[in-house]
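# Examining the three-dimensional arrangement
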Amino acid sequence: MAALGAARCLFRSYSRVNHVDKKTHILTKCSRRALCSGTPDNTPSDRHDKPQFTEPAVQDILTRITGLDLQKVFRPIKQELKPPTYKLMTDAQLEEASQLAREQAKKLLKMPPVLPERKPINDVLSEDKILEGMDTAKYVFTDITYNIPHRERFIVVREPSGTLRKATWEERDRLVQVYFPKEGRKLTAPLIFKEENLKAVFSQDRHEDVLDLCLVQFEPDSSEYIKVHTATYEDLEKHGKYELLRSTRHFGGMAWYLVNARRVDGLIVDMLKRDLLQDAVSLVSLFHMVHPHSESAQEANSQQATGTDLIKIYAQKESQRSGYIELALQAYEQTTMESSAA
């Protein structure tokens, strides 16, 4: 009889969970989202402390410094071979086709989101001691209604101890993938994301491949996603291999990471060496936007500095490698003067 009573209790618990979604229709949308979302809401003070990644001014600068190399964007990739197609075009048709290619390239270079890490979910709904020891496995109850955003989907877990709790983010990601498979995503993260394997992949200059796979495998506010991106950016910064991400959708994220970390010296030098003066100026401008109270930003604002003057002020007031930046800037100016004289 005790076992029968426990089973009835388990069934009633399941029924309560099954009807939760019906009851939540009387709540506001924000309240429903709070059932499963652990992502912190930005307070007004947080939003106004510095520009956000999604702001148009920030996106405009990051898009410009990313570059648009059509040869790199449309480089051959491993795929099923198909017979080539040849077309005879007039100059006007060629120009039209080139414009379409540029528009398509801009879509392919759209930057992935940069989000703060989501907060853990540790909500306990009930403690039913009568169910303790009934089974050694966990029971998971998932709302599989199709028209509900995954972030608002109600998923709970019944522990062998009788505890009924909300699913953790890791459990949610795995269960959503089971019921609503995303192409390319695995239930278990590929071994490539282990630290020792990442080092081997980085040594082959396959940073872009790692970030592409990470974008498919993890949610953009998950700890795994952020760790992989951080490790990739750190390796690129350490070895000065910024060019590997130029004209890819990941270059803007790398630049944003380095700007927030106040470590853009290497990237500025790299831009100057590649005759990308305007990109270097834009990067310094973004640095001043993100760090408006820095000595460099205040000096540039007082002088209304632009162009190379902006870079010189940054090198004098902020840079940890001012000598490298000044030498690179001098070399760029000398090259420009020689080209003009010729």
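Before any of the text, the structure's been laid out above.
Residues numbered from 1 in each chain as written. Predicted model: local features only at pLDDT ≥ 70, side-chain atom pairs only at ≥ 80, totals over all residues. Heavy atoms only, no water.

## Points about the overall build of the protein
Formally: Segments assigned H or I by DSSP are reported as helices when at least four residues long, segments assigned E as strands when at least two residues long, and all are numbered from the N terminus. For each residue, the accessible area found with a 1.4 Å probe, counting protein chains only, is set against the maximum for its type, and the residue is called buried under 20%, exposed over 50%, and partly exposed in between. For this analysis, residues touch if any pair of their heavy atoms sits within 4.5 Å. For every accessible area listed, the method is Shrake-Rupley and the probe measures 1.4 Å; residues are considered covered only by the protein chains on display.
In terms of helices and strands, the protein carries 17 helices and four strands. Going through the 342 residues of the protein one by one, you find that 37% of them count as buried. Sequence separation of at least 24 residues holds for 66% of the intrachain contacts in the protein that already meet a minimum separation of 6. Entry remark: accessible area of the protein is about 21100 Å², with carbon and sulfur atoms responsible for 54%.

## Some remarks on the pattern of salt bridges
Worth spelling out the cut-off: A carboxyl oxygen of Asp or Glu within 4 Å of a side-chain nitrogen of Lys or Arg is what we treat as a salt bridge.
Taken as a whole, this structure holds 22 salt bridges when the rule is applied. Ionic pairing is found between Glu 171 and Arg 165, a salt bridge with its closest N-O pair at 2.9 Å. Comparing Glu 171 with Arg 165, the two get one shared label, buried. Taking the shortest distance from any N to any O, the salt bridge between Glu 318 and Arg 262 comes out at 2.9 Å. Of the two residues, Glu 318 sits in the loop between helix 16 (307–317) and helix 17 (322–341) while Arg 262 sits in the loop between helix 12 (251–260) and helix 13 (265–273), which places them 56 residues apart along the sequence. Judged by its relative accessible area of 39%, Arg 262 is partly exposed. Each of Arg 118, Arg 151, Asp 173 and Asp 221 takes part in salt bridges that share partners, so that together they form one network.

## Some remarks on the side chain of Ser 319
Test applied: Here a polar contact is taken to be a pair of N or O atoms separated by no more than 3.5 Å, where protein atoms must pair a possible hydrogen donor with a possible acceptor and residues adjacent in sequence count only if both atoms sit in side chains.
If you trace the backbone, Ser 319 turns up in the loop between helix 16 and helix 17. The class of Ser 319 is buried, set by a relative accessible area of 11%. Among the polar contacts listed, one links the side chain of Ser 319 to the side chain of Asp 265, at a separation of 2.8 Å. There is a polar contact of 2.9 Å between the side chain of Ser 319 and the backbone nitrogen of Arg 321. In this structure Ser 319 touches Asp 265, Tyr 314 and Ile 325, once residues within four positions along its chain are discounted.

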